[in-house]
Amino acid sequence: MEQKKILIITYYWPPAGGPGVQRWLKFAKYLPDFGWKPIIYTPENPSYPLLDETLMKDVPENIEMVRTKIWEPYQLAEKLNKSNKKFKAGQFDVGKNQSWKSRLSIWVRGNFFIPDARVFWVKPSITFLEKYLKENKIDTIVTSGPPHSLHLIGLGLKNKMPDLKWVADFRDPWTEISYYKHLKLTKSSDKKHRQLESAVFKNADITLATSYTDAENFRKAGANAFCITNGFDESDSSKKAGENKNSQIEKAFTLSYIGVLEQLRNPENLWKALDELVKENAEFAADFKLKFVGRIDDKILHSIENSSLKNHILNLGYLAHGKAVKEMQNSNLLLITNFPNESSRGIIPGKIFEYLASGKLILSFGPDKADVSKILEETQAGKHFSYQDTEAVKSFILEKFNLWKDGSLLENTQHIEQFSRKNLTQQLTEVLK
């Protein structure tokens with residue numbers, strides 16, 4: 001039986017690093033098992049914020065790649081202000097940390113490049129792909145955002161080819177993402193963002209969300225939306241589920257953060273709780289380690305280093321994906337943070353699923369009634385706190401530390417199979433029918 005063809009339009013593809021690349025890399029890996037042939041359309045000369053050559057091992061052998069050149073203004077932005085490198089990853093300084101250059105750059109980003117600085121790839125891609133789709137008899141496409149400008153490629157192709165089946169995949173929301181309100185948008189720019197988002201919702205045949213709340217919000221906005229979360233790939237784990245049930249194999253009680261931590265998701269109440277524990281509890285101070293793997297905002301790191309936690313920090317920087325997974329497994333508690341406002345309840349950071357696969361206990365921060373909290377409750381994998389909790393966080397960490405000291409802090413990998421990448425790909429193919 002001949003495989004159905006699906007063109008995946010994505011900005012992020014290996015050697016890009018970070019969570020943005022992995023969703024469709026993993027779907028592409030498993031789609032052939034369910035009768036689909038993935039074809040990847042991606043820029044020839046992208047400007048990636050992070051690189052991870054090790055992800056190339058997951059690129060399916062002989063996968064068809066289609067590339068065209070893209071022009072991006074990031075080189076100009078970085079000449080204006082070096083901190084503009086953060087823009088590539090959707091980060092920037094906020095509040096008192098903003099210089100006048102940062103404020104200007106944020107205003108330009110939000111008002112001149114709508115929806116984002118990859119918008120200059122839209123028209124050339126529509127022209128190129130209209131011909132390519134017809135010549136290669138492809139009737140299903142996926143656009144993956146952010147960058148949400150890629151959805152405008154799908155919108156343009158749908159307008160030209162009404163019979164084309166278009167799946168708009170939102171790895172993060174567009175106007176509902178927390179940093180949207182920090183973009184210093186004019187009324188006309190805000191209106192244009194919202195009009196484009198609405199057009200995508202109403203014209204895409206299928207809209208995918210990575211969280212239950214986002215899917216519900218998208219449906220309310222007129223989209224035919226389904227939730228397919230991110231997940232974990234069993235082949236990425238260097239140990240099998242259920243091994244090493246007792247986690248007292250580390251020399252220190254280790255709380256680790258894996259990934260990018262920016263100012264808008266900074267758990268200041270956690271640092272306060274840890275600072276107090278180090279000062280008040282000699283045993284805790286003797287055994288505690290705070291490990292960072294990834295890119296931590298300089299101002300956050302500087303603040304922590306000026307506290308009692310200074311001598312407890314191990315900052316490993318960005319590591320290749322496989323090494324980062326091993327660092328998860330060499331931890332006792334794994335930290336995950338979300339934006340504090342209620343509109344971010346639906347954000348489920350992709351790394352939570354690899355955290356689940358590791359079996360380690362998860363410490364989560366974000367708004368009340370968050371989707372992350374629901375997952376942690378279902379899997380019994382950890383606990384979720386608001387950014388106002390300090391004493392409760394302190395008690396939770398101390399309780400787990402005492403269990404670790406006693407050798408009775410157990411791992412848990414039950415109830416997580418629903419989040420395996422292969423099972424999620426099967427869900428995707430059911431939606432595509």
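See above for the structure.
The residue count restarts for each chain, going from 1 along the sequence in the order it is written. Per-residue local features are limited, in this predicted model, to residues with pLDDT of at least 70; the limit for side-chain atom pairs, both in listing and counting, is 80 or more; totals at the level of whole chains, interfaces and linings are taken over all residues. Remark: hydrogens and water are excluded; side-chain values derive from all non-hydrogen atoms of the structure.

**Student:** How would you explain the pairing of strand S8 (residues 253–261) if you had to name every residue and give the values?
**Tutor:** Burial classes follow relative accessibility: with a 1.4 Å probe on protein chains only, a residue under 20% of its type's maximum area counts as buried, one over 50% as exposed, and anything between as partly exposed. Helical segments are the DSSP runs of H or I of at least four residues, strand segments are the runs of E of at least two, and each set is numbered from the N terminus. Taking burial as the measure, the nine residues of S8 include eight buried ones, the bulk of the element. Note: two strands are recorded as paired if DSSP finds a minimum of 2 bridges between them. Relative to strand S9 (residues 288–296), S8 runs parallel, the two being bridged by nine bridges. Considered in S9, the bridge of Ile 258 is made with Val 293. Pairing of S8 with strand S11 (residues 333–337), which is carried by three bridges, proceeds in the parallel orientation.

**Student:** Explain the nonpolar core to me, and be specific about the residues and the numbers.
**Tutor:** By size, the foremost hydrophobic cluster in this structure holds 62 residues, and its most contacted members are Leu 7, Ile 9, Ile 153 and Leu 157. For this analysis, residues touch if any pair of their heavy atoms sits within 4.5 Å. Contact partners of Leu 7, with chain neighbours within four places excluded, come to Ile 39, Tyr 41, Leu 129, Tyr 132, Leu 133, Ile 138, Thr 140, Ile 141 and Val 142. Counting 33 residues, the second-largest nonpolar core is a separate cluster that includes Trp 271, Phe 284, Ile 313 and Leu 363. The definition of a nonpolar core used throughout is a set of buried Ala, Val, Leu, Ile, Met, Phe, Trp, Tyr and Cys residues joined through side-chain atoms within 4.5 Å.

**Student:** Could you give an account of the sheet that holds strand S2 (residues 36–43), naming the residues involved and the relevant values?
**Tutor:** The sheet built from seven strands is open, its strands ordered S3-S2-S1-S4-S5-S6-S7 with parallel pairing. Since the sheet does not close on itself, it has two edges, and those belong to strand S3 (64–68) and strand S7 (225–227), each with one partner. Across the sheet, the mean angle from the axis of one strand to that of its neighbour is 25°, orientation sign disregarded. Bridge analysis of strand S1 (residues 4–9) against strand S4 (residues 140–145) gives three bridges, and the strand direction is parallel. Following the sheet pairing, Leu 7 is matched in S4 by Ile 141. Helix axes use the C-alpha atoms of the stretch in contact, all axes being lines fitted to C-alpha atoms, and the angles between their N-to-C directions lie in the range 0 to 180 degrees. In this fold helix H1 (residues 22–30) packs onto S1, S2, S4, strand S5 (165–170) and strand S6 (206–209), with an angle of close to 115° to the strand it touches most, S6. Packed onto the sheet, helix H15 (residues 421–432) meets S1, S2, S4, S5, S6 and S7 and runs at close to 160° relative to S6.

**Student:** Give me the sheet that holds S8: which residues, what numbers.
**Tutor:** One open sheet holds the six strands; their spatial order is S10-S9-S8-S11-S12-S13, and the pairing between them is parallel. Lying at the two open borders of the sheet, with one neighbouring strand each, are strand S10 (313–317) and strand S13 (382–385). Across the sheet, the mean angle from the axis of one strand to that of its neighbour is 20°, orientation sign disregarded. Lying over the sheet, helix H11 (residues 321–329) contacts S8, S9, S10 and S11, oriented at roughly 150° with respect to S8.

**Student:** So what about the pattern of salt bridges? Which residues, and what values?
**Tutor:** Pairing between side chains of opposite charge can happen when the charged atoms of each approach one another. Should a side-chain nitrogen of Lys or Arg be within 4 Å of a carboxyl oxygen of Asp or Glu, the pair is scored as a salt bridge. Taken as a whole and judged by the stated rule, the model has 25 salt bridges. Of the charged contacts, one joins Lys 131 and Glu 135 as a salt bridge, the two residues approaching to 4.0 Å between their closest N and O atoms. Within this pair, Lys 131 and its partner Glu 135 are both found in helix H4 (residues 122–135), separated by four residues, close to a single helical turn. Glu 135 carries the same exposure label as Lys 131, and that label is exposed. What you see here is one network of salt bridges that share partners, running through Lys 26, Lys 29, Lys 57, Asp 58 and Asp 233.

**Student:** Explain the packing of H4 against helix H5 (residues 149–160) residue by residue, including any values.
**Tutor:** For any two helices packed against each other, the geometry comes down to the angle between their axes and how far apart the axes lie. Interhelical geometry of H4 versus H5 gives an angle of 45° and a closest axis separation of 9 Å. With respect to H5, the element H4 is oriented oblique. Seen along the crossing, H4 lies across H5 with a hand that is right-handed. Taken together, the residues of H5 that come into contact with H4 (itself represented by Val 122, Ser 125, Ile 126, Leu 129, Glu 130 and Leu 133) are Ser 149, Leu 152, Ile 153, Gly 156, Leu 157 and Lys 160. Across the contact of H4 with H5, the residue classes tally to seven nonpolar, three polar and two charged. For classification, angles of less than 35 degrees are called roughly parallel, those exceeding 145 degrees roughly antiparallel, those between 65 and 115 degrees roughly perpendicular, and all remaining angles oblique. It is the rotation of the near helix from the far one that decides the hand of a crossing: anticlockwise by less than a right angle makes it left-handed, clockwise makes it right-handed. When residues are grouped by polarity, Ala, Val, Leu, Ile, Met, Phe, Trp, Tyr, Cys and Pro land in nonpolar, Asp, Glu, Lys and Arg in charged, and all others, Gly among them, in polar.

By themselves, these figures tell us nothing about what the structure is for.
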